[in-house]
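# Structural characterization, general
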Amino acid sequence: GPRRHDGVRIAYLSGSPTHQKDFAVCEAALLAALEQYPQVRFRLVGYLDLGPHWQRYDDRVERIGFLPAADLLRCLGEVDINLAPLELGNPFCEGKSELKYFEAALVGVPTVASATETFAAAIEDGVTGFLVSSDNEWERALDLLITDASRRRAIGETARERALARYGLSAIGPQAVA
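Now for a quick tour of the structure. (Residues numbered from 1 in each chain as written. Predicted model: local features only at pLDDT ≥ 70, side-chain atom pairs only at ≥ 80, totals over all residues. Heavy atoms only, no water.)

## Let's talk about the packing of aromatic side chains
- Within this structure, the stated rule accounts for six aromatic pairs.
- Between F23 and W54, the aromatic rings sit 6.1 Å apart at their centres with planes inclined by 40°, giving tilted as the arrangement. Taken together, the residues F23 in helix α1 (residues 20–36) and W54 in the loop between β2 (40–45) and β3 (61–64) connect sequence positions 31 residues apart.
- Overall, the relative accessible area of 1% leaves W54 in the buried class.
- Taken together, the aromatic side chains of Y12, F23, F42 and W54 make up a single cluster linked through ring pairs. (Phe/Tyr/Trp six-rings, centres within 6.5 Å; stacked < 30°, edge-to-face > 60°. Helix = DSSP H or I, 4+ residues; strand = E, 2+ residues; numbered from the N terminus. Buried < 20%, exposed > 50% of the residue type's maximum accessible area, 1.4 Å probe, protein only.)

## Some thoughts on a nonpolar patch on the surface
- Residues L73, L106 and L164 make up a contiguous nonpolar surface patch of about 210 Å² in total accessible area.
- Considering the arrangement of structural elements, one finds L73 in helix α2 (residues 69–77). (Patch = residues over 30% accessible without salt bridge, like charges linked within 9 Å, V, L, I, M, F, W, Y side chains within 5 Å. Areas by Shrake-Rupley, 256 points an atom, 1.4 Å probe, with all protein chains shown as cover. Salt bridge = Lys/Arg side-chain N within 4 Å of Asp/Glu carboxyl O.)

## Things to note about helix α6 (residues 135–147)
- Spanning 13 residues, α6 covers 18 Å between terminal C-alpha atoms, matching the ideal 18 Å at 1.5 Å per step.
- Among all positions of α6, only W138, A141, L142, L145 and I146 are buried. Angularly, the buried residues of α6 cover 125° about the axis, an arc narrow enough to put them on a single face. (Expected span 1.5 Å × (residues − 1). Arc of directions from axis to C-beta.)

## A look at the pattern of salt bridges
- Counted according to the given criterion, the structure contains ten salt bridges.
- Two residues, E62 and R9, come together in a salt bridge whose shortest N-O distance is 2.6 Å. Taken together, the residues E62 in strand β3 and R9 in strand β1 (residues 8–13) connect sequence positions 53 residues apart.
- Classification of E62 as buried rests on a relative accessible area of 16%.

## Focus on the nonpolar core
- Of all hydrophobic cores here, the largest spans 30 residues; its most connected members are L83 and V112.
- Breaking this core down by element, the ones donating at least two residues are β1, α1, β2, β4 (81–84), β6 (130–132) and α6.
- Residues contacting V112, with those up to four places away along its chain left out, are I81, N82, L83, A84, F130, V132, W138, A141, L142 and L145.
- Counting residues in each nonpolar core, the second largest holds twelve residues, with Y101, A105, A113 and F119 among its members. (Core = buried A, V, L, I, M, F, W, Y, C linked by side-chain atoms within 4.5 Å. Contact = heavy atoms within 4.5 Å.)

## Notes on the sheet that holds β1
- Strands sit in the order β3-β2-β1-β4-β5-β6 across an open sheet of six strands; the sheet is parallel. Two strands close off the open sheet at either side, each with one partner strand: β3 and β6. Adjacent strand axes in the sheet meet at a mean angle of 20°, parallel and antiparallel pairs treated alike.
- Here β2 runs beside β3; their pairing, made up of four bridges, is parallel. When the bridges of β3 are listed, F42 appears paired with V61. (Pairing = 2+ DSSP bridges. Axes fitted to C-alpha atoms, helices over the stretch in contact; angles between N-to-C directions.)

Here you go:
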């Protein structure tokens, strides 16, 4: 449905303090987006230390504490863009689940994700989300999603259809019965 706010809301869902290094991967591009587009707001869920360079955007940062799973999808459903940065080349990160993408996909929100093998297997670049591996690519993907609302919605909707086909009841049902 329609997002109940003006502008564009970008979210990062951090699970634990170890995500500081992951977040650093997209931080420069996110700050650039806040600088360039006054309509952008940043929603931070979970634990993360934003440095002093974030202070000037304080009025556009929403800090939400750790959320139980039941509230997570509702929270994601209120945003426009989901960020899934991971430290590239870190074997631990390469193994992380693509859940961050599927949760957003289920509520029709497009994800910009680090181009790890796991995310590359889940996301079709430019179709169900974006796979990026440099500051430049993070900025390009954010620019496109911020400025092109119809493309943003189309990507979110395609992601939702694919996620439901793959993980929805119709997909899980037969396996559960078996």
